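# Survey of secondary and tertiary structure
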Amino acid sequence: MKISPVRIGVVGAGRVGAVLAAALRAAGHEVVAAAGESDASKRRLAALLPGVAHEKPSAVARSCDLLLLTVPDDMLPNVVAMLSASGALHPGQYVVHTSGRHGLGVLDDAAAVGARPIALHPAMTFTGTEVDLSRLSGCVFGLTAGPAERAVAEQLVADLGGRPMWVPEEMRTLYHAGLAHGANHLVTLVTEAMEILTAAGAVDPAATLRPLLTAALDNALDQGDAALTGPIVRGDVNTVRAHLADITANAPQTLASYVAMARATLDRALTDGRILPIRAGHISALLDSARLDDARLDGAQLDDARADGAPLS
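Residues numbered from 1 in each chain as written. Predicted model: local features only at pLDDT ≥ 70, side-chain atom pairs only at ≥ 80, totals over all residues. Heavy atoms only, no water.

## Some remarks on a nonpolar patch on the surface
Heads up, the rule is: Patches here: salt-bridge-free residues with over 30% relative accessible area, like charges joined within 9 Å, nonpolar side chains (Val, Leu, Ile, Met, Phe, Trp, Tyr) joined within 5 Å. Per-residue and other accessible areas follow the Shrake-Rupley method at a 1.4 Å probe size, with only the shown protein chains counted as cover for residues. Here a salt bridge means any side-chain nitrogen of Lys or Arg lying within 4 Å of a carboxyl oxygen belonging to Asp or Glu. In this description a helix means any DSSP run of H or I spanning at least four residues, a strand means any run of E spanning at least two, and both kinds are numbered starting from the N terminus.
Nonpolar side chains collect at one region of the surface, where Leu186, Leu189 and Met261 lie side by side and expose about 260 Å² of accessible area between them. Take methionine 261: it is sitting in helix H12 (residues 255-271).

So this is what it looks like as structure tokens:
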């Protein structure tokens, strides 16, 4: 079903909202108004949606046939309640949010006044610049919608250049957790790896890691656990011991996550039968010892802070 161009309003001109609205405008839809209070939002509107009116959320909602809500997850229920109670929403209007965690339930107030709810979440990280527009091609969008709205939801994804993935209402949070664990925690992991390499003397740790991480990510996506290499899966007890000692001495802020990831890696390798149980036991003992040492270090630092009269929060 090909939908005719619609009048679109955007509430929340953050990194996601401004980019999606710009992409929908490029696909032939009319973006009539947008709401965004911060200076960064106003800059995004000027760069990505020149000429689009900057209005209050209620005025944006009244002006459009399809309302795009791209506000933070925790703000979404209040925004929907406010717009519904104020009479800004109207029957037959599509109300589309981009939260990964939420499904249709968060739009119940909008549905109660006759609006047509859709959950449409891009499985992508955004910069909030025109760089993101080309990245939408092939991007998966997690969709949840009722039978009457499914065709419109799929057409919006097609207009954005993406691919639809239907997510049951009760699985929205789990779907989002998988994305956050894979992408958000990856940023932390990579940043800490760069800190360790910097402590080891690397001038350009990003350049050192890029080819290795690119290959590791591609292999993991293609092969899963079978792509695993390194000292844990080889059962190199002394290498793990040396890692823990040098990280403790030179990059202690990364020790807790190293131990946690090493533990998860060890458990998966043991389950797959890729490491002998006796070697797994030795490595497990090393990780337990490192975790205890890290806890003692945190406790000592807390005691020092109390002794110095420093604030603890």
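## Focus: the pattern of salt bridges
Heads up, the rule is: When a residue's accessible area, from a 1.4 Å probe over protein chains only, is under 20% of the maximum for its type it is buried; when over 50% it is exposed; and in between it is partly exposed.
Tallying each qualifying case throughout the model produces eight salt bridges. A salt bridge links aspartate 236 to arginine 234; the shortest N-O distance between them is 2.8 Å. Among the residues examined, arginine 234 registers a relative accessible area of 52% and is labelled exposed. The salt bridge involving arginine 291 is made with aspartate 288; its shortest N-O contact spans 3.3 Å. Linking arginine 291 with aspartate 288, this pair stays in helix H13 (residues 277-308), spanning three residues, or about one helical turn.

## A closer look at the nonpolar core
It is characteristic of soluble globular proteins that their nonpolar side chains tend to be buried jointly. Where we set the bar: We define the nonpolar core as a collection of buried residues of types Ala, Val, Leu, Ile, Met, Phe, Trp, Tyr and Cys that are connected through side-chain atoms lying within 4.5 Å of one another. Contacts were defined at the residue level, with two residues in contact if any of their heavy atoms lie within 4.5 Å.
Formed by 35 residues in total, the largest nonpolar core has its most connected members in Leu120 and Phe141. Other than its neighbours up to four places away in sequence, phenylalanine 141 contacts Leu20, Leu120, His121, Pro122, Leu136, Val157, Leu160, Gly162, Arg163, Pro164 and Met165. Counting 21 residues, the second-largest nonpolar core is a separate cluster that includes Val11, Leu76, Leu89 and Ala115.

## Some details on the sheet that holds strand E7 (residues 140-145)
How we decide: In this analysis, strands are considered paired if DSSP registers two or more bridges between them.
Judged by pairing direction, the sheet is mixed, and its eight strands sit side by side in the order E3-E2-E1-E4-E5-E6-E7-E8 without closing on themselves. Of all strands in the sheet, those bounded by a partner on one side alone are strand E3 (53-54) and strand E8 (163-166). With four bridges connecting them, strand E1 (residues 7-11) and strand E4 (residues 66-69) associate as parallel partners. Bridging from a neighbouring strand, valine 11 pairs with leucine 69 of E4.

## A look at helix H1 (residues 15-26)
Keep this limit in mind: To estimate how far a helix should extend, the number of its residues minus one is multiplied by 1.5 Å.
Here H1 contains twelve residues, and its C-alpha end-to-end distance of 17 Å stays within 8% of the 16 Å for a straight helix at 1.5 Å per residue. One or two positions beyond H1, positive phi appears at glycine 28, with a value near 115°.

## Let's talk about the side chain of serine 99
Selection rule: Identification of polar contacts relies on pairs of N or O atoms within 3.5 Å, with a donor-acceptor requirement for protein atoms, meaning one able to donate a hydrogen and the other able to accept it, and with residues adjacent in sequence counted only if both atoms are side-chain atoms.
Turning to its location among the elements, serine 99 is positioned in the loop between strand E5 (94-97) and helix H5 (108-112). Polar contacts involving the side chain of serine 99 include one to the side chain of aspartate 73, which spans 2.8 Å. Looking at serine 99, its side chain comes within polar contact range of the main-chain nitrogen of histidine 102, at 3.1 Å. Sequence-distant contacts of serine 99, defined by excluding residues within four places in its chain, comprise Asp73, Leu76, His121 and Arg172.

## Here's the deal with the packing of helix H11 (residues 237-250) against H12
Under the convention used in this document: Angles here are taken between N-to-C directions and fall from 0 to 180 degrees, while the axes themselves are lines fitted to C-alpha atoms, restricted in helices to the stretch in contact. We call two directions roughly parallel when the angle between them is under 35 degrees, roughly antiparallel when it is over 145, roughly perpendicular when it lies between 65 and 115, and oblique otherwise. Under the scheme applied here, ten amino acids are nonpolar (Ala, Val, Leu, Ile, Met, Phe, Trp, Tyr, Cys and Pro), four are charged (Asp, Glu, Lys and Arg), and all others, including Gly, are polar.
In the contact formed by H11 and H12, the axes pass within 10 Å of each other and the chain directions differ by 160°. The angle between H11 and H12 falls in the class roughly antiparallel. Facing His243, Leu244, Ile247 and Thr248 of H11, the residues of H12 in contact are Leu255, Tyr258 and Val259. By residue class, the composition of the contact of H11 with H12 is five nonpolar, two polar and no charged.

## Here's the deal with the environment of alanine 177
Inspection of the secondary structure puts alanine 177 in helix H8 (residues 172-199). The exposure class assigned to alanine 177 is partly exposed, which follows from its relative accessible area of 40%. On a C-alpha basis, the gap between alanine 177 and arginine 101 in space is 7.9 Å, while along the polypeptide they are 76 residues apart.

## Details of the pairing of E4
What counts here: Think of it like this: strands point away, you trace from the first strand over the helix to the second, and a clockwise trace means the crossover is right-handed.
The alternating pattern of E4 places Leu66 and Leu68 on one face and Leu67 and Leu69 on the opposite face, and all of these are buried. Of the strand pairs in this sheet, E4 and E5 are connected by four bridges, and their pairing is parallel. By the bridge assignment for E5, leucine 68 is matched with valine 96. This β-α-β element, E4 to helix H4 (residues 76-85) to E5, shows right-handed connectivity.

## As for a negative patch on the surface
Quick reminder of the rule: Positive charges are assigned to Lys and Arg, negative charges to Asp and Glu, while His and the chain termini are left out of the count. A charge is said to be at NZ when it belongs to Lys, at CZ for Arg, at CG for Asp and at CD for Glu.
A cluster of acidic residues, Asp108, Asp109, Glu169 and Glu170, forms a negative patch on the protein surface. Locating glutamate 169 in the fold gives a position in the loop between E8 and H8.

Taken by themselves, the reported measurements are silent on function.
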